[in-house]
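Analysis of the macromolecular model
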Amino acid sequence: MNWFGFGFNGFGQIVPRQKDGEYVDSAKVLSPVSLGSLCTCGGKKQLSPKHKTETEKQKSKIVASWSCTAIIQINDDPHVCISGFINDSGGDVNARGLRVPESEGCEDALISERYLTLSFADRVECWSLKPTGRALAWSRVQYTSDDTGPTIKFPLVSGGYIASKPPFFQPLSSQLYAVNLALGAEHAVLLTASGTVYTWGSASHGQLGHGSLVSEEKPQAVEALCGLPMKHVAAGCWHSACISAGGDLYVWGWNESGQIGLPSKGLKDANQRGQNIGKDELMLNKGDSNVFISIQAFPALVDVSEMSEICKVSCGSRHTAAVTSTGNLYTWGWGHYGQLGHGSKCSSDEPKVVEYFSNGAMFVEDVVCGLWNTFVSAVPREHPAL
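A short tour of the structure in this document, coming up.

About the criteria used
For every chain, the first residue of the written sequence is number 1, and numbering continues from 1 onward in sequence order. In view of the model being predicted, local features appear only for residues whose pLDDT reaches at least 70, and side-chain atom pairs are presented and counted only at 80 or more, with totals across whole chains, interfaces and linings using the full set of residues. Water and hydrogen atoms were dropped before computing side-chain values, which therefore reflect all heavy atoms in the structure. Numbering of helices and strands starts at the N terminus; helices are DSSP runs of H or I of at least 4 residues and strands are runs of E of at least 2. With a 1.4 Å probe rolled over the protein chains alone, any residue whose accessible area is under 20% of its type maximum counts as buried; one over 50% counts as exposed, and the rest are partly exposed. The contact rule is simple, with two residues in contact once any of their heavy atoms fall within 4.5 Å. Computed by Shrake-Rupley with a 1.4 Å probe, the accessible areas treat only the displayed protein chains as cover when residues are assessed. DSSP calls a pair of strands paired once it identifies at least 2 bridges connecting them. For helices, the fitted axis covers only the stretch in contact; all axes are lines through C-alpha atoms, and the angles between them, taken along N-to-C directions, range from 0 to 180 degrees. Any two rings among Phe, Tyr and Trp, with Trp reduced to its six-membered ring, count as a pair given centres within 6.5 Å; such a pair is stacked if its planes are under 30 degrees apart, edge-to-face if over 60, and tilted if neither. Counted as over-ring charges are cases with an Arg CZ or a Lys NZ within 6 Å of the ring centre that also lie within 35 degrees of the ring normal. What makes a salt bridge here is a side-chain nitrogen of Lys or Arg within 4 Å of a carboxyl oxygen of Asp or Glu, nothing more. For this analysis, a nonpolar core means a set of buried residues of the types Ala, Val, Leu, Ile, Met, Phe, Trp, Tyr and Cys, connected via side-chain atoms within 4.5 Å. When two cysteine sulfur atoms are found within 2.5 Å, that pair is recorded as a disulfide. Residues with no salt bridge and a relative accessible area higher than 30% make up the patches, which join like charges within 9 Å and nonpolar side chains (Val, Leu, Ile, Met, Phe, Trp, Tyr) within 5 Å. When charges are counted, neither His nor the chain ends are considered; positive counts come from Lys and Arg and negative counts from Asp and Glu. All charge positions are set by atom: Lys at NZ, Arg at CZ, Asp at CG, Glu at CD. Contacts described as polar in this section are N or O atom pairs within 3.5 Å, which, within protein, must combine one atom able to donate a hydrogen with one able to accept it, while residues neighboring in sequence count only if both atoms come from side chains.

A few words now on the overall build of the chain. Across its full length, the chain carries two helices and 29 strands. Each of the 386 residues in the chain was classed as buried or not, and the buried ones make up 50%. When contacts within the chain are restricted to residue pairs at least 6 apart in sequence, long-range pairs at least 24 apart make up 49% of them. Here the chain displays about 18,000 Å² of accessible surface, and carbon together with sulfur accounts for 50% of that area.

Within the secondary structure, Ser 317 sits in the loop between β24 (310-315) and β25 (319-324). Among all residues touching Ser 317, those that are not within four sequence positions of it are Cys 237, Trp 238, His 239, Gln 259, Gly 370, Leu 371 and Trp 372.

Pairing within the open sheet is antiparallel, and its four strands lie in the order β16-β17-β18-β19. Every other strand in the sheet has two partners, leaving β16 (178-183) and β19 (216-221) as the edge strands with one partner each. Each neighbouring strand pair of the sheet contributes to a mean axis angle of 20°, computed without reference to strand direction. Across five bridges, the pairing between strand β17 (residues 187-192) and strand β18 (residues 197-201) is antiparallel. Residue pairing for β18: Val 189 is matched across the bridge by Thr 199.

To continue, consider unusual backbone geometry. Between Phe 154 and Pro 155 the backbone carries a cis peptide bond, its omega angle lying at 20°. If you trace the backbone, Pro 155 turns up in the loop between β12 (135-141) and β13 (156-157). Geometrically, the link from Pro 166 to Pro 167 is a cis peptide bond, its omega value of -10° lying close to zero. The topology assignment puts Pro 167 in the loop between β14 (160-162) and β15 (169-171). In the Ramachandran plot, Tyr 177 falls in the positive-phi region, its phi being about 50° despite a non-glycine side chain. Although it is not a glycine, Ala 361 adopts a positive phi angle of roughly 55°. By the secondary structure assignment, Ala 361 is in the loop between α2 (355-358) and β28 (362-369). Since its relative accessible area comes to 42%, Ala 361 is described here as partly exposed.

Taken as a whole and assessed by the stated rule, the structure comprises 17 aromatic pairs. Measuring from ring centre to ring centre gives 5.0 Å for Phe 11 and Phe 85, while their planes differ by 35°; the resulting arrangement is tilted. Taken together, the residues span a long stretch of sequence, with Phe 11 in the loop between β1 (2-8) and β2 (18-19) and Phe 85 in strand β7 (residues 79-88) at a distance of 74 residues. Judged by relative accessible area, Phe 85 falls into the buried class, the value being 18%. Three or more aromatic residues joined by ring pairs form one cluster here, namely Phe 8, Phe 11, Trp 66, Phe 85, Trp 334, Tyr 337 and Trp 372. A cation sits over an aromatic face here: Lys 28 above Tyr 337, 5.3 Å from the ring centre.

Here we come to the pattern of salt bridges. A full pass over the atoms with the stated rule returns eight salt bridges. For the salt bridge of Asp 366 with Lys 312, the shortest nitrogen-to-oxygen distance reads 3.8 Å. With Asp 366 in strand β28 and Lys 312 in strand β24, this residue pair connects regions lying 54 residues apart in the sequence.

The subject of this paragraph is the nonpolar core. In terms of nonpolar packing, the biggest core is built from 25 residues, with Leu 35, Ile 62, Leu 329, Phe 357, Val 364 and Val 376 touching the most fellow members. Listing elements by their share of this core, those giving two or more residues are β1, β25, β28 and β29 (373-380). For this core, the element with the most residues is β28, which contributes five residues. The residues touching Leu 35, leaving out its near neighbours within four places in the chain, are Trp 3, Phe 4, Gly 5, Ile 14, Ile 62 and Phe 375.

Moving on: the state of the cysteines. A full pass over the atoms with the stated rule returns zero disulfides. In this structure Cys 242 is not part of a disulfide, and its nearest cysteine sulfur, from Cys 315, lies 9.9 Å away.

Overall, antiparallel pairing links the four strands, which are arranged β24-β25-β26-β27 in an open sheet. Looking along the sheet, the strands with just one partner apiece sit at the ends: β24 and β27 (348-353). If you compare each strand with its neighbour and ignore which way they point, the axes differ by 15° on average.

All right, on to a negative patch on the surface then. Residues Asp 248, Asp 303, Glu 306 and Glu 309 make up a contiguous surface patch of negative charge. Inspection of the secondary structure puts Glu 309 in the loop between β23 (295-302) and β24.

A few words on the side chain of Ser 308. Relative to the helices and strands, Ser 308 is located in the loop between β23 and β24. Here Ser 305 takes part through its side chain, which lies 3.3 Å from a polar atom of the side chain of Ser 308. Only 3.4 Å separates the side chain of Ser 308 from the side chain of Thr 326, close enough to count as a polar contact. Ser 308 has contacts with Thr 324, Ser 325 and Thr 326, leaving out every residue within four places of it along the chain.

A few words now on the pairing of β28. Sheet faces and side chains relate simply in a regular strand, where the side chains alternate between the two faces. Examined bridge by bridge, β28 and β29 share seven bridges and lie antiparallel to one another. Bridging from a neighbouring strand, Val 368 pairs with Phe 375 of β29. The hairpin turn running from β28 into β29, its antiparallel successor, is three residues long.

This is the structure:
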């Protein structure tokens, strides 16, 4: 499994900002680059003699905040390594592949600007990020049971979920049977075992999908999706997405930069001001339509690929990325820092395939959007892409 990154790199969270002691102007990574150096303590598994023929490498996943990237090693030596900016009143540190000793044995993690949250088999810990050492800010015992119900994904925990800031534990009704949860800047999107989508929080940009801009304090089912089972949910800062059991993609919320995949007036206006924009920042806009969407308060079906289903989706601050069942990556929305991966700073309100992977005979397995960047897991392709 190989991870790649592109987009905002202001704190070296994708590639180092220094080379041979010299400052490198690499705040914007416009095309995918390998992230091999994000964790220098990983590598191949130590195998017993009877498994000497096995060549599986250490499995990993990535989580990201605006200024930091955390890579979670999962197999034989579970731990977290951090790259990017870590600050405190005492100063700041630009870390590169910094191994977090407190993370050893963890199963999953989340990272924000101030906290690293670690999930273990028997507990959850939230550590404040400080250059002079981390301090335990909060912890909670994980109660295990013999319940054979559906598997839940972090930040869901028994009885609720873990937020990115205090109060960290937020209770949820057991009647929801939640299996997946995505947290936006001011809202949450939850998936139940039956495939129903619930949202709550701020609706200022239509991100709840209830057809209005009225906020909700408690989880409310997205009625427009009722009767249509979903299998995955995602949340950006002010937009949301989900994938149906049949592989269709639905997106709703703010469309200022085309992140919904519908015609964006914001991009058209930017095109009309094109004389003030460099060539590599011109916006790609569907433009033939006179109908533009600024806020999409109901879920909208987005056509990404006619040839294949959608199996993964992730949302950044104002961009979206989706993986098809044939291993292709599509991105759209705000691209000023290169977070769309097309080799430019173009924005787009139309899903575009990232040719770095499709032309490079690589099969994309997963995608994770940071706020202004994107991280992709890909392996060599065994069969031609459709």
